[in-house]
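Next come the chains, spelled out residue by residue.
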Amino acid sequence: MIRLTFSTSRRTQLLPVTRAVAEAIAALPPWTGLLHIHSPHTTAAVTINEQADPDVASDMEHALDSLVPWNDHYDHAEGNSAAHIKTTLVGPSLSVPVENGRLVLGRWQGLYLCEFDGPRTTRELWLTPMPS
Amino acid sequence: MIRLTFSTSRRTQLLPVTRAVAEAIAALPPWTGLLHIHSPHTTAAVTINEQADPDVASDMEHALDSLVPWNDHYDHAEGNSAAHIKTTLVGPSLSVPVENGRLVLGRWQGLYLCEFDGPRTTRELWLTPMPS
Amino acid sequence: MIRLTFSTSRRTQLLPVTRAVAEAIAALPPWTGLLHIHSPHTTAAVTINEQADPDVASDMEHALDSLVPWNDHYDHAEGNSAAHIKTTLVGPSLSVPVENGRLVLGRWQGLYLCEFDGPRTTRELWLTPMPS
């Protein structure tokens, strides 16, 4: 398992990580199958979406914050229940097809680490190569 | 990797694809493990849900459209930010158990391609067999 | 494939299942790779989130119920469309890293079976070990 570390700079932030992930697996012996990408956090998720126009990410950040407001009569004493809820809605992990050691994504697809309780300096993604 | 192509006929449409996926993998040497199903798009997702009563799919379409309205002060110039957001909420891919080359789903479960920016004639699903 | 059975006691309930899953796989020959966890239902999902403070789960239950109200002019005659929608939003399955036969989760992460149409006595999770 490869562990990558990322820093985030805002409370809610969709951070593009495609290049970091692609570079990390380029150092491995090539395989064909899947790459599993896991966020080990409970207030940060992982997703795939467009990265050509940065407005897509900012529209997504605003929409997710508006779906799950930060202040909404939550009981959890840490005050970050909204971040936990968004993490479960987006999802803690996903798998991506790999051919000969390279990510096989759709033309407009890119990977995002989804920060929902930032800023943080020690966000991780755990990568598990899965040969088919 | 097997690439299947689908047409959709409405902007938001949960298209049943269980039979197409099952037929595609029936042509392969049988394996036991998982089948990974990937939507290579940023405005179309994949999910599993009931397919016995078509009202379930239409209720889901209406509820997703109502959660994330099409017009909501988005910045993205293409005007389809709502489709991007719904794709991330539902998810771009999933894996399904397979035994002897056949999908192992719950009694009421079926696969859906979730169109959020249709109609389109060239939606794809990418299938990756993963023997355990 | 290992099939675990769970009972739920409320309509919407995030039931912690980390220990049950960990014990089930401890009985298997150890492997490194992934564990795929599948909910074979259309009104119950699976997620990962914090389990240290039970208020996180109850805040998530309330927020999901408030995002997708139980009564909202649905057509599906069974009356449980909200449960179907929440199942697709949270997701029917996920994979978790495994090293030497043990789940590798983040410090605060735990597995939940997400009941959205309970109570039920026969909810299942299907576990598929995937060596890398």
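These numbers were taken from a predicted model, which means no experiment stands behind them.

Thresholds applied
Residues numbered from 1 in each chain as written. Chains lettered and ligands numbered in written order. Predicted model: local features only at pLDDT ≥ 70, side-chain atom pairs only at ≥ 80, totals over all residues. Heavy atoms only, no water. Salt bridge = Lys/Arg side-chain N within 4 Å of Asp/Glu carboxyl O. Helix = DSSP H or I, 4+ residues; strand = E, 2+ residues; numbered from the N terminus. Buried < 20%, exposed > 50% of the residue type's maximum accessible area, 1.4 Å probe, protein only. Pairing = 2+ DSSP bridges. Least-squares fit on C-alpha atoms with pLDDT ≥ 70 in both. Contact = heavy atoms within 4.5 Å. Expected span 1.5 Å × (residues − 1). Polar contact = N/O pair within 3.5 Å; in protein donor to acceptor, adjacent residues only side chain to side chain. Phe/Tyr/Trp six-rings, centres within 6.5 Å; stacked < 30°, edge-to-face > 60°. Lys NZ or Arg CZ within 6 Å of the ring centre and 35° of its normal. pLDDT = per-residue confidence, 0-100. Axes fitted to C-alpha atoms, helices over the stretch in contact; angles between N-to-C directions. Core = buried A, V, L, I, M, F, W, Y, C linked by side-chain atoms within 4.5 Å. Buried area = accessible area lost by both parts, 1.4 Å probe.

Chemist: Can you tell me about the pattern of salt bridges, naming the residues and giving the values?
Modeler: Residues and elements named next belong to chain A. Following the criterion strictly, the structure yields 12 salt bridges over all chains and no others. Between R10 and E61 there is a salt bridge; the shortest N-O distance is 3.0 Å. Of the two residues, R10 sits in the loop between strand 1 (2-6) and strand 2 (13-16) while E61 sits in helix 2 (residues 54-67), which places them 51 residues apart along the sequence. Taking the relative accessible area as the measure of exposure, R10 reaches 39% and is therefore partly exposed. When its relative accessible area of 6% is taken as the criterion, E61 is described as buried.

Chemist: How would you explain the pairing of strand 4 (residues 44-50) of chain A if you had to name every residue and give the values?
Modeler: Residue and element names in this part refer to chain A. Along strand 4, 7 of the 7 residues are buried, which leaves the element largely enclosed by surrounding structure. Relative to strand 7 (residues 109-115), strand 4 is paired through 7 bridges, and the arrangement is antiparallel. For N49, the partnering residue across the bridge sits in strand 7 and is G110.

Chemist: Could you give me a rundown of the relation of the copies chain A and chain B, with the residues and numbers involved?
Modeler: Expressed as a screw operation, the relation of chain A to chain B combines 0.0 Å of axial shift with a rotation of 120°, fitting to an RMSD of 0.0 Å. Read as a symmetry element, the transformation amounts to a three-fold axis. Of the C-alpha atoms belonging to chain A, the one lying closest to the rotation axis is found on L89(A), 3.4 Å away. Different-surface contact between copies: only 13% of interface residues of chain A are shared with the interface of chain B.

Chemist: Mind laying out helix 3 (residues 81-90) of chain A, listing which residues take part and the relevant values?
Modeler: For helix 3 of chain A, a buried count of 10 out of 10 residues is recorded, marking the element as mostly surrounded by other parts of the structure. Residues of helix 3 of chain A that are buried include every one of S81(A), A82(A), A83(A), H84(A), I85(A), K86(A), T87(A), T88(A), L89(A) and V90(A), and no others.

Chemist: Please provide a residue-by-residue account of helix 2 of chain A, values included.
Modeler: Residues and elements named next belong to chain A. Between its terminal C-alpha atoms helix 2 stretches 20 Å, which fits the 20 Å expected from 14 residues at 1.5 Å a residue. Residues of helix 2 that are buried include every one of V56, A57, S58, D59, M60, E61, A63, L64 and L67, and no others. One side-chain oxygen of the residue at the start of helix 2 lies 2.8 Å from the amide nitrogen of D55, identifying that residue as D53.

Chemist: Please provide a residue-by-residue account of the packing of aromatic side chains, values included.
Modeler: Each aromatic ring pair is specified by the distance between its two centres and by the angle formed by the two planes. Following the criterion strictly, the structure yields 0 aromatic pairs over all chains and no others. Here the guanidinium or amino end of R3(A) rests over the ring plane of W126(A), the centre of that ring lying 4.3 Å away.

Chemist: Give me the environment of N80(A): which residues, what numbers.
Modeler: Residues and elements named next belong to chain A. With respect to the secondary-structure elements, N80 resides in the loop between helix 2 and helix 3. In sequence terms N80 and W70 are 10 residues apart; their C-alpha atoms lie 7.2 Å from each other. Reaching out from N80, the side chain makes a polar contact with the side chain of D117 at a distance of 2.9 Å.

Chemist: Can you tell me about the confidence of the model for chain A, naming the residues and giving the values?
Modeler: Mean pLDDT over chain A stands at 97; residues scoring 70 or higher make up 100%. As a predicted assembly, this complex carries a pTM of 0.98 together with an ipTM value of 0.97.

Chemist: Go over the sheet that holds strand 2 of chain A with me, naming the residues and quoting the values.
Modeler: Residue and element names in this part refer to chain A. Strands sit in the order 2-7-4 across an open sheet of 3 strands; the sheet is antiparallel. The two strands at the open ends of the sheet, each matched to only one other strand, are strand 2 and strand 4. Looking at each pair of strands side by side, their axes are set apart by 35° on average, direction ignored.

Chemist: Could you give me a rundown of the nonpolar core, with the residues and numbers involved?
Modeler: If you look at the biggest cluster of nonpolar residues, it comprises 57 residues, and the most contacted ones within it are L89(A), L89(B) and L89(C). Apart from the residues within four sequence positions on either side, L89(C) is in contact with T88(A), L89(A), L64(B), L67(B), L89(B) and V68(C). Counting residues in each nonpolar core, the second largest holds 23 residues, with I37(B), V46(B), V98(B) and L125(B) among its members.

Chemist: An account of the interface of chain A and chain C is requested, with residue identities and associated values reported.
Modeler: When the parts of a complex come together, some accessible area is lost, and that lost area is often taken as the interface size. Contacts between the two partners involve 27 residues from chain A, matched on the other side by 30 residues from chain C. Across the chain A/chain C interface, buried area totals approximately 2200 Å², and carbon plus sulfur atoms make up 64% of it. Viewed at the interface, chain C and chain A are joined by 0 salt bridges. Taken together, the connections running from chain A to chain C amount to 13 residue pairs in polar contact (both at pLDDT 80 or more).

Chemist: Could you give an account of the side chain of T88(A), with specific residues and numbers?
Modeler: When you line up the elements, T88(A) lands in helix 3. Exposure remark for T88(A): the relative accessible area of 1% places this residue in the buried category. A polar atom in the side chain of T88(A) sits 2.9 Å from the side chain of T47(C). Not counting residues within four places of it along the chain, the set of residues in contact with T88(A) comprises T47(C), I48(C), N49(C), M60(C), L89(C) and V90(C).

Chemist: Give a detailed account of the sheet that holds strand 4 (residues 44-50) of chain C, specifying residues and quantitative values.
Modeler: Residues and elements named next belong to chain C. What the 3 strands build is an open sheet, ordered 2-7-4; its pairing is antiparallel. Two strands close off the open sheet at either side, each with one partner strand: strand 2 (13-16) and strand 4. Taken pair by pair, the neighbouring strands of this sheet meet at an average axis angle of 35°, ignoring direction. Helix 2 (residues 54-67) contacts strand 2, strand 4 and strand 7 (109-115) of the sheet and is inclined by roughly 150° relative to strand 2. Across the sheet, helix 3 (residues 81-90) touches strand 4 and strand 7, and the angle it forms with strand 4 is around 50°.

Chemist: Please set out the side chain of E61(A) residue by residue, giving values where relevant.
Modeler: A distance of 2.8 Å separates a polar atom in the side chain of E61(A) from the backbone nitrogen of L14(A). Sequence-distant contacts of E61(A), that is, excluding residues within four places in its chain, are made with R10(A), T12(A), Q13(A) and L14(A).

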